[in-house]
Amino acid sequence: MNDHIRFTCRGECGCSCDPCCCGSTDTQVTVLRGSMGPAGPTGAQGPAGQRGPTGPTGATGATGVTGATGATGATGPQGPTGATGATGATGATGPQGPTGPTGATGADGNTGATGNAATVAAGTVTTGEPETEAAVTNSGSENAAVFDFVIPRGATGATGATGATGPQGPTGATGATGATGATGATGATGPQGPTGPTGATGPTGPAGTDGNTGATGNAATVAAGTVTTGEPETEAAVTNSGSENAAVFDFVIPRGATGATGATGATGPQGPMGATGATGATGATGATGVTGVTGPTGATGATGSVPVEALSAYSIPTQTVTDNAAVIFDRTAAQQGTAITHADNSADITIGEEGTYFVSFNGTAAPQNAVSLPETNLVQFTLNGTAQNGASTQHIFTTADETSAQSASLVFNVTSVPATLQVVSSGGSFLYSGTTLNIFKIG
């Protein structure tokens, strides 16, 4: 019988980690268990002993006295109980889930405030009955999670097999010469004690779904620590050996108790001694269920204390941009730091530090020459004159009074400085108004 681990988490979460993310309200655990091995075959009964010879016929005359019945042989000792199979090894810990995406940086250039730290703590741990579902619920909130665990104990193990029948006692002495004594009736064979059922290991809950991105702040983490097999009938336990922001949950899950030995059957009638049957092989121990998968790591909030490198530029008057020319920004609205600079009435954004940057452009375009319609307007970013793939916007103009809101954004790397970023328009001559550009260094 094979079951598999699955975690199900519902609710909003500020982290993503092992074995389940913070706002989880329902978790089930399914554990792999092995079936009990077959009982060994019963030994064959030995051949029946030979009957003693008939006494000689008495002399003619008085009737001979009836011979006494031979004494019953002693009952053989009961065979030993088979040994209990060894407990299977604990399964390997599952791999850690992938790191969640980095949260997007805000549009303004101001320094972000440090967010409140999310916390994770272990709550109550309850030992459930065998065959019931395991569960993990969050009795806290999405930013201060408290995980309450219900872990079922293992069911009672299988009853040990009944020992083999002991050897037959010796044959009684032959009666005195005379008439053959009547043979005693054969006693009824006693019933064999029933075998106890194999205890099922509690199922592992389904894997939890990824929670929503938590509020901005220091990301809490949750990891699976040690998994210890406890003694039968002891309480299951989950303890946090880490901290409230870097939880490490250690699990203690009790194994099922060994089943009671079945009742010994009644002793059968005396007969010839049979050969002792071979002892049956011990059944293989079922494998221990695998550890649940680690949940994904939550998104990291923006750190307010890191210096911000950002710039915002825009244009007020409408401008004509010819084919394959760059859009000019006549004003610098705001600048933070020295990595990004811009001169008024220039199309060039100069980048002076290597790293990763995010840029966004917005503006309204209209055809400049109605004679050449239809015209396809294409806007894209260039770095040192090379078009950057993955960020462009286009519109096909078919009438002279038509306008189109154009917007594009891009994340790009700068590996050599200084570098020049431009917004280039192609496809003909177009009129641009309400143009803005925002650029941030994000890494």
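Residues numbered from 1 in each chain as written. Predicted model: local features only at pLDDT ≥ 70, side-chain atom pairs only at ≥ 80, totals over all residues. Heavy atoms only, no water.

## Things to note about the overall build of the chain
Part 1: Check the secondary structure of the chain and you find zero helices and 20 strands.
Part 2: Looking at the chain as a whole, 33% of its 443 residues are labelled buried.
Part 3: Across the chain, contacts joining residues at least 24 apart in sequence account for 78% of those joining residues at least 6 apart. (Helix = DSSP H or I, 4+ residues; strand = E, 2+ residues; numbered from the N terminus. Buried < 20%, exposed > 50% of the residue type's maximum accessible area, 1.4 Å probe, protein only. Contact = heavy atoms within 4.5 Å.)

## Digging into the sheet that holds strand E2 (residues 119-128)
Part 1: The three strands are arranged E2-E4-E3 in an open sheet whose pairing can be described as mixed. Each edge of the open sheet carries a strand with a single partner, namely E2 and strand E3 (135-138). Pairwise comparison of adjacent strand axes, ignoring direction, gives a mean angle of 20° for this sheet.
Part 2: Bridging between E2 and strand E4 (residues 144-152) involves eight bridges; their strand directions are parallel. (Pairing = 2+ DSSP bridges. Axes fitted to C-alpha atoms, helices over the stretch in contact; angles between N-to-C directions.)

## Examining the packing of aromatic side chains
Aromatic rings considered in pairs are described by the distance between their centres and by the relative angle of their planes.
Part 1: Counted by the stated rule, this structure contains seven aromatic pairs.
Part 2: Between Tyr357 and Phe412 the ring centres are 5.9 Å apart and the planes differ by 20°, which places this aromatic pair in the stacked class. Of this pair, Tyr357 sits in strand E15 (residues 355-367) while Phe412 sits in strand E18 (residues 404-414); the two residues are 55 residues apart in sequence, bridging distant segments of the chain. In this structure, Tyr357 and Phe412 share a single accessibility class: buried.
Part 3: An aromatic cluster is present here, built from Phe147, Phe149, Phe249 and Phe251 joined pairwise through their rings. (Phe/Tyr/Trp six-rings, centres within 6.5 Å; stacked < 30°, edge-to-face > 60°.)

## So, the pattern of salt bridges
Part 1: Taken as a whole and assessed by the stated rule, the structure comprises four salt bridges.
Part 2: Put simply, Glu235 and Arg153 hold a salt bridge, and the shortest N to O gap is 3.8 Å. Placement of Glu235 in the loop between strand E6 (221-230) and strand E7 (237-240) and of Arg153 in the loop between E4 and strand E5 (206-207) is noted, with a sequence separation of 82 residues between them.
Part 3: Given the relative accessible area of 52%, Glu235 is considered exposed.
Part 4: Overall, Arg153 belongs to the buried group, its relative accessible area being 16%.
Part 5: For the salt bridge of Lys441 with Glu353, the shortest nitrogen-to-oxygen distance reads 2.8 Å. Placement of the pair is Lys441 in strand E20 (residues 430-441) and Glu353 in the loop between strand E14 (349-351) and E15, with a sequence separation of 88 residues.
Part 6: With relative accessibility at 26%, the residue Lys441 sits in the partly exposed group. (Salt bridge = Lys/Arg side-chain N within 4 Å of Asp/Glu carboxyl O.)

## Here we look at the sheet that holds strand E8 (residues 246-254)
Part 1: The sheet built from three strands is open, its strands ordered E6-E8-E7 with mixed pairing. The sheet is open, and its two edges are formed by E6 and E7, each paired on a single side. Neighbouring strand axes in the sheet, compared pairwise and without regard to direction, differ in orientation by 20° on average.
Part 2: Here eight bridges tie E6 to E8, and the two strands are oriented parallel to one another. Paired with Ala223 across the two strands is Val248, which belongs to E8.

Note that all results are geometric; they support no functional claim without further evidence.
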